[in-house]
Amino acid sequence: MIINHPLLGPRDAAEFVYKGDAALIHRPDGMAPDALEKFIDYGYLRDNPAGEHRELWFHEQGDRSWLVVTRNTLTHEITSVELARDVARREGRSK
Amino acid sequence: MTQKNRLQGGLIDRSRSYTFRFDGKTMTGHAGDTLASALLANGVRLMGRSFKYHRPRGPLTAGSEEPNAIVELREGARQEPNTRATTAELFDGLVARSQNRWPSLAFDALSVNDRLSSFFAAGFYYKTFMWPAAFWEKLYEPMIRRAAGLGSLSLQDDPDSYDKGFLHCDLLITGAGPAGLAAALTAGEAGLRVILADEDYVMGGRLNAETFSLGDMAGHDWAAQTVARLRSLPNVRVMPRTTVLGAFDHGIYGAVERVADHLAVPEAGKPRQILWRIYTKRSLLTAGALERPIAFENNDRPGIMLASALRAYANRWAATPAQRVAIFTNNDDGHRTAADLHAKGVKVAAVIDTRPGQPVSTDYEVLQGEIIDTAGRLGLTRITVRLAKGGTREIECGALGVSGGWNPNVSLTCHQRGRPVWEEGIAAFVPGGTLPDGMTVAGAAQGLFSTHAALTSGAEAAAQIATDLGHAATKPDLPQAEDAPVQITPFWHVTDAKRAWVDQQNDVTAKDVKLAHQENFVSVEHLKRYTTLGMATDQGKTSNMAGLAIMAEIAGKTIPEVGTTMFRPPYTPTAMGVLAGRSRGTDFRPVRKTPSHTWAEEQGAVFVEVGNWLRAQWFPRKGETTWRESVDREVLQTRKSVGICDVTTLGKIDVQGTDAAAFLNRIYCNGFAKLAVGRTRYGLMLREDGIAMDDGTAARLAEDHFVVTTTTANAVSVYRHMEFVRQCLFPDMDVQLISTTEAWAQFSVAGPNARKLLQKVVDPEFDLSNEGFPFMACGEITICGGLRARLFRISFSGELAYEIAVPTRYGDALIRRLMREGQEFDVVAYGTEALGVMRIEKGHAAGNELNGTTTALNLGMGRMVSQAKDSIGAVLSRREGLNEPVALKLVGFKPVDPTHKVPAGSHLMTKGAPVDAAHDQGYVTSACYSPNLGHHIAIGYLKSGDQRLGEIVRLVSPLTGFDHDVEVVSAHFVDPEGERLRA
Amino acid sequence: MHDLIALTPLGARDPRRDHHLGHSLIEVTDVALASVAARLGREADAAALVATVTGAEAPAPARATASAFWMGPDQWMVEAPFATHEDLARQITAQANGAASVTEQTDAWCRFDLKGDRLADIFERLCNADLRRFTGGKAVRTAIEHLGCFLICRSPTHVSVIGPRSSAGSLHHALLTAMKSAL
């Protein structure tokens, strides 16, 4: 596969390490009163869609960016690639 | 032997004669020959024995789709089984042997299988060798393998090398026939970066096998001229002898280039083959079409081949299997073969056409009818024809060309699950469904069979691709070429045949297909698996179509209703060697060497692989006969005086930024915010699920600067994890990370004399006294008169110990200096074994204990997990399931009988309780002989272990029969109060 | 001045030099390296720091200047002569004014320079970088025989390979083998 890195352009997927669902960005607050419940959801309850899936990939043999890659799990079509840091900020992970 | 069946003309170079041997017989051929064409020219039709029935077989085709002429090439270590004589390029001195026959090709003892064929029908193996189960491995399988083997392996190392490589292009064109050449010319002249790949060693495809003219030139001359033009374009890469094996995601293709298969031995330093990974923007498949046979009684005798192959041998290679031939066809193309052979002076005894109203000829007889039998034990001598007008006729001939029509070569279009669609007009499947990203198909591969259509469709497809990619394209001047329409009436098999071969490689007959259907294997994929139709080296390139047509006929369905089996990579058989590339033996993966490697080699160190690192395991001295002697000495001497160990391999990560401390507070389960500058702290990292991930130390060099260490094995994954936390979870923390593992050579200096030794190298302005540089201190210092260095007072051995780091280039000099300055203390170098012994003696956890199933609680560090902050893994580490009262706890063990070992991996059982999984009490993780205590010791996990000190438990290893009693003790065997390391 | 003798990444006193059919493979050990990573919110200041230190604008992604190359978002590697800048990281930190985290990287890497007319033929046997399209100033990080390496294209006939120091022997072996295979 080819991942179109937002800064470096098309790169071979072999340069990347896969982590999993991009929902992992939304780590719950560990100090919240319902933290245990939230973390069980976070750690274990994930969707496994046949179709479009947002995933985390790490450019290990490259610039060491974590990317959010939107990939169709049936066709491998990749429709969007963003720096995970940008996604995290946009989705409220700023302090 | 003379080349009695060599014809005039052809594209061979008669000025160059090659001598070769086949089954011990010496023959001659010419440059440009394949092994098959040279054998045919020498009068050899019999080239192999079939897989199951050991029937005599000759070549069916003149290309890579060959099912029959499978031979062993070369001798000695270069012996290569299962290669196709039809594609093996002849070279001087080539040695080839037929396969699957004993004692000789002409007399094969196992041809008795053929007589017993009624026992060997489809499904025979599944039905017969079922019981008893034990017989399968010991008796049936070896017996079947011997009887049904293909070639044999040399069992020696391959002396050749193979490369892997990467290519980039705008357009990959697969197949250099008329369509591919026209496309390459169009795209090349438009300025696209083009790769033109063809599996043949002469480009031109069918143009080299036909007699048509293109404009005023012979087809093969036009091909040669076009290839020369393409080679002159800097943006076109012409790759003959290159098979595109597969189409992968996003325009990536795999291809094998056979650089030196046509040479006796590759040039020095050069590979034999190269596996290319080709990145493309677009691709064009112009792989042509493959002719298909017709099944009839005894249609597999040597001399019976595809009509197009007969024509190719005559036109390109000036060879014929016999001087008197016949043709059996259901379409007009068969007649072209007859005309070409007649023109070459070969006697055409008859053309048998299944259709009424077939073309007529003044040069030879044309009959309407079907062939119902053939004769000739080791090669065709006669055919029997059932005439349409009634009656039969016997015709003497030494070769028969069979034409059942042409199948577009759709293989690569299916590699991303595209499914071909049936086109009635040509009675064949054409590319359909979802093609691989960016792929276009042109020419015969698309079902356009005339030369004119091939040229124009290739050029048009390339022009469109050029336009799509933003290049202006003009259609090149294409020559006038034949444009005959396809005239075919499908005809798959002659009915009432007892043994009409559909798949010659797997000995599958039309009857076997019927049997499969009768036994309810009605899906085409089931048919394939049950009968083995379409398996093995040729993957049914010539047989699949007839198989499913017969299936459709029996089932009363149409061919498209039955559908096709899936084509998968690789397109043709691929040597394991080229898939391995250079990654063989010691080059399998890179080696990492420590800064003291050269010095350790000089000391005669024994090395151990730790990941890719080579670390000194121990340093044998003269007179030491066992590793234990060396290790015991290293341990005792370190604890008595001072020892030095290279610990560079531990991961080092530079953590800087105003939020560095806050970041480490997230990463580690224990607190780091209050760590003072100039101090180091042990840290435990958890995975988010609460399981321990890694441990190490973090040294605070400045308010905003830490150096974190990881275990050797986890250096990469911990860095990745830290970047995940930084970029994905806390994107607005001011923290920056970079690995410095390799930047610093780091040595542990341990033992009561460690300080004294270091004082001899550390520059005097740095105070190393216990007060000035206490346990867990760290700092930047200089040594040996000004070299920048880092010093950490940390201890894995439990002794007074330091780790000292210098820029890696000085690591070798530093260990030499320390060893020299340490002579007065009898300093000793110790390896990973002694390191292991000392950490077990101290009960320190390492990889065996941090094994991906254990928690801080198990490690006896439950209280380290801070409740006062949010750190990775803290919440889930508090789960009920990980906090049961009987949780495993890390404890020590010593044998009740001090002569016993305490083997790691053994399980712990309560005395008197049954020994089974239900009563398992835990297991031993690390064990060693302790030279300080004089007996074996171990650490491991025991249920509620911390409350069972003093208990005697059983240590068992059902695998090895080990079963002895051990006493549960504290894991801290040596200096439990830690007085030494604070000294 | 200390009296410790430095070894090259290949473990010798002097850099290794190999030549094959008009191409050279030279071990380079006289360059100091330091990484410069911008502190949060100080990205522009960090780029300016790189510009001040190197005398050229901080390189864009996948680009290199004469004495710096891009490593990752807001992160650069600065190169300088070892003889005068052995302490490069400290020298840059002194000018950083808190805008960047600077880390000594000199000995984390080994460097081999390949020179010759047919470098693309060699590199296509080693890695997926499209060297035929490289012009001077291109810098990519990719894998060569499993080793994460920077390829710095100084010019189409001069490429530096900067790889992990501990694997210098394996990297050198791979480069030399590819030269002999491809040329």
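Residues numbered from 1 in each chain as written. Chains lettered and ligands numbered in written order. Predicted model: local features only at pLDDT ≥ 70, side-chain atom pairs only at ≥ 80, totals over all residues. Heavy atoms only, no water.

1. Thoughts on the interface of chain B and chain C
Formally: Contacts between residues were defined by any pair of non-hydrogen atoms, one from each residue, lying within 4.5 Å. When two components associate, each loses some accessible surface as probed by a 1.4 Å sphere; the sum of these losses over both components is called the buried area. Counted as salt bridges are all cases of a side-chain nitrogen of Lys or Arg within 4 Å of a carboxyl oxygen of Asp or Glu. Two N or O atoms form a polar contact when they lie within 3.5 Å of each other; inside protein one atom must be a possible hydrogen donor and the other a possible acceptor, and for residues adjacent in sequence the pair counts only when both atoms belong to side chains. Starting at the N terminus, helices and strands are each numbered in turn, a helix being any DSSP run of H or I of at least four residues and a strand any DSSP run of E of at least two. Charged means Asp, Glu, Lys or Arg here, nonpolar means Ala, Val, Leu, Ile, Met, Phe, Trp, Tyr, Cys or Pro, and polar covers whatever is left, Gly included.
Opposite the 57 residues of chain B that make contact, chain C presents 51 residues. For the pair chain B and chain C, the summed buried surface comes to about 4,300 Å²; carbon and sulfur atoms form 46% of the total. Looking only at chain B, the three residues that lose the most surface to chain C are Arg-193, Arg-788 and Arg-809 of chain B, adding up to 18% of its buried area. Across the contact surface, chain B and chain C share 8 salt bridges. Two residues, Arg-39 of chain C and Asp-704 of chain B, come together in a salt bridge whose shortest N-O distance is 3.1 Å. Our count for the contact surface shared by chain B and chain C stands at 36 residue pairs in polar contact (both at pLDDT 80 or more). Elements with a minimum of two residues in the side of chain B that touches chain C: β8 (162–174), β15 (273–285), β30 (592–593), β34 (651–656), β38 (736–739), β40 (778–783), β41 (787–792) and α20 (811–821) of chain B. It is β8 of chain B that provides the largest number of residues to the side of chain B that touches chain C, a total of 6 residues. When grouped by side-chain class, the residues that make up the side of chain B that touches chain C number 23 nonpolar, 14 polar and 20 charged.

2. A few points about unusual backbone geometry
Residues and elements named next belong to chain B. Convention followed: When accessible area is computed with a 1.4 Å probe and restricted to protein chains, residues below 20% of their type maximum are described as buried, those above 50% as exposed, and intermediate ones as partly exposed.
Cis geometry marks the peptide bond from Pro-569 to Pro-570, where omega comes out at -5°. With respect to the secondary-structure elements, Pro-570 resides in the loop between α13 (559–562) and α14 (576–580). Despite not being glycine, Asp-23 has its phi angle at roughly 50°, a positive value. Tracing the chain through its elements places Asp-23 in the loop between β1 (13–22) and β2 (25–31). Under the relative-accessibility criterion, Asp-23 is labelled partly exposed at 26%. Positive phi values are uncommon outside glycine, yet Thr-532 reaches one of about 70°. Secondary-structure assignment places Thr-532 in the loop between α11 (524–531) and α12 (544–555).

3. Side note on the domain arrangement of chain B
The following threshold applies: As used throughout, domain bounds are those supplied by an automatic or database domain assignment.
For chain B, the assigned domains are domain 1 (13–113), domain 2 (162–289 + 408–468), domain 3 (297–405), domain 4 (507–562), domain 5 (643–837) and domain 6 (884–983). The distance between the C-alpha centroids of domain 2 of chain B and domain 4 of chain B comes to 30 Å.

4. Brief notes about the sheet that holds strand β7 (residues 100–104) of chain C
Residues and elements named next belong to chain C. Where we set the bar: A pair of strands is treated as paired once DSSP finds two or more bridges between them.
If you walk across this open sheet you meet the 5 strands as β4-β5-β6-β3-β7, and the pairing is antiparallel. A strand with exactly one partner marks an edge of an open sheet, and here the two such strands are β4 (64–65) and β7. Bridge count between β4 and strand β5 (residues 68–72): 2 bridges; the pairing is antiparallel. The partner of Thr-65 across the bridge, within β5, is Ala-68.

5. Some words on the pairing of strand β19 (residues 347–353) of chain B
All names here are of chain B. Rules: Crossovers are described as right-handed under a simple rule: with the strands pointing away from the observer, the path leading from the first strand over the helix to the second runs clockwise.
The element β19 is largely enclosed, with a buried count of 6 among its 7 residues. Bridge count between strand β18 (residues 324–329) and β19: 6 bridges; the pairing is parallel. Residue pairing in the sheet places Thr-329 in a bridge with Asp-353 of β19. The β-α-β motif built from β18, the intervening helix α8 (residues 333–343) and the parallel element β19 has right-handed crossover chirality. Inspection of the sheet shows β19 paired to strand β20 (residues 366–375) by 3 bridges, in the parallel sense. Across the sheet, Ile-352 pairs through a bridge with Leu-367, a residue of β20.

6. Overview of the packing of helix α5 (residues 178–189) of chain B against helix α6 (residues 219–231) of chain B
Residue and element names in this part refer to chain B. Selection criterion: Lines are fitted to the C-alpha atoms to define the axes, a helix being fitted only along its stretch in contact, and any angle between axes, read from their N-to-C directions, falls within 0 to 180 degrees. Angular relationships are summarised with four words: roughly parallel below 35 degrees, roughly antiparallel beyond 145, roughly perpendicular across 65 to 115, and oblique for the angles in between. Each crossing is labelled by how the near helix is turned from the far one, with a counterclockwise turn of less than a right angle marking it left-handed and a clockwise turn marking it right-handed.
The contact between α5 and α6 brings their axes to 10 Å, and the two run at 25°. Relative to α6, α5 is oriented roughly parallel. The hand of the α5/α6 crossing is left-handed. The residues of α6 that touch α5, namely those facing Leu-181, Ala-182, Ala-184, Leu-185 and Glu-189, are Trp-222, Ala-223, Thr-226, Val-227, Arg-229 and Leu-230. For the contact of α5 with α6, a count of residues per class yields 8 nonpolar, 1 polar and 2 charged.

7. A word on the sheet that holds β1 of chain B
Residues and elements named next belong to chain B. With mixed pairing, the 5 strands of this open sheet are ordered in space as β2-β1-β7-β5-β6. Every other strand in the sheet has two partners, leaving β2 and β6 (80–84) as the edge strands with one partner each. Averaged over all pairs of adjacent strands, the angle between strand axes in this sheet comes to 40°, irrespective of strand direction. By the bridge criterion, 7 bridges tie β1 to β2 in an arrangement that is antiparallel.

8. Quick word on the domain arrangement of chain C
All names here are of chain C. Looking at the assigned domains, one finds that chain C contains domain 1 (18–29 + 108–182) and domain 2 (31–106). Just the C-alpha atoms count here: the centres of domain 1 and domain 2 sit 23 Å apart. Contacts between the two partners involve 14 residues from domain 1, matched on the other side by 14 residues from domain 2. Of the roughly 1,100 Å² buried at the junction of domain 1 and domain 2 (both faces included), carbon and sulfur atoms supply 52%. Between Arg-111 and Glu-79 there is a salt bridge, with its nearest N and O atoms 3.7 Å apart. Counting across the interface, domain 1 meets domain 2 through 9 residue pairs in polar contact (both at pLDDT 80 or more). Elements supplying a minimum of two residues to the side of domain 1 that touches domain 2: β8 (109–115), β9 (138–144) and β10 (147–155). Of the residues forming the side of domain 1 that touches domain 2, the biggest block, 3 residues, is contributed by β10.

9. Side note on empty space enclosed by the protein
All names here are of chain B. Where we set the bar: Think of a 1 Å grid over the protein atoms and nothing else: a 1.4 Å probe that fits but is trapped marks a cavity, an open set flanked by protein within 12 Å on at least five of seven lines marks a pocket, and residues with an atom within 4 Å of a point count as lining. Grid points are joined across faces, edges and corners, and a volume is the space filled by probe spheres set on the points.
For the structure shown, the criterion picks out 9 cavities of 30 Å³ or more. In this structure, the largest cavity occupies an estimated 260 Å³ of space. Looking at the largest cavity, it is lined by 17 residues, and the ones nearest its centre are Asn-407, Pro-408, Val-410, Lys-541 and Phe-567. Counting residues per element, the lining of the largest cavity draws most heavily on α12, which supplies 3 residues. Within the lining of the largest cavity, the residues separate by chemical class into 9 nonpolar, 7 polar and 1 charged. Looking at which domains feed residues into the lining of the largest cavity, each of domain 2 (162–289 + 408–468) and domain 4 (507–562) supplies at least three.

10. Remarks on the side chain of Ser-866 of chain B
Residues and elements named next belong to chain B. Locating Ser-866 in the fold gives a position in the loop between α21 (832–842) and α22 (874–877). From its side chain, Ser-866 meets the backbone nitrogen of Ala-868 in a polar contact 3.0 Å long. Once residues lying within four places of it in the same chain are set aside, the contact partners of Ser-866 are Cys-669 and Arg-878.

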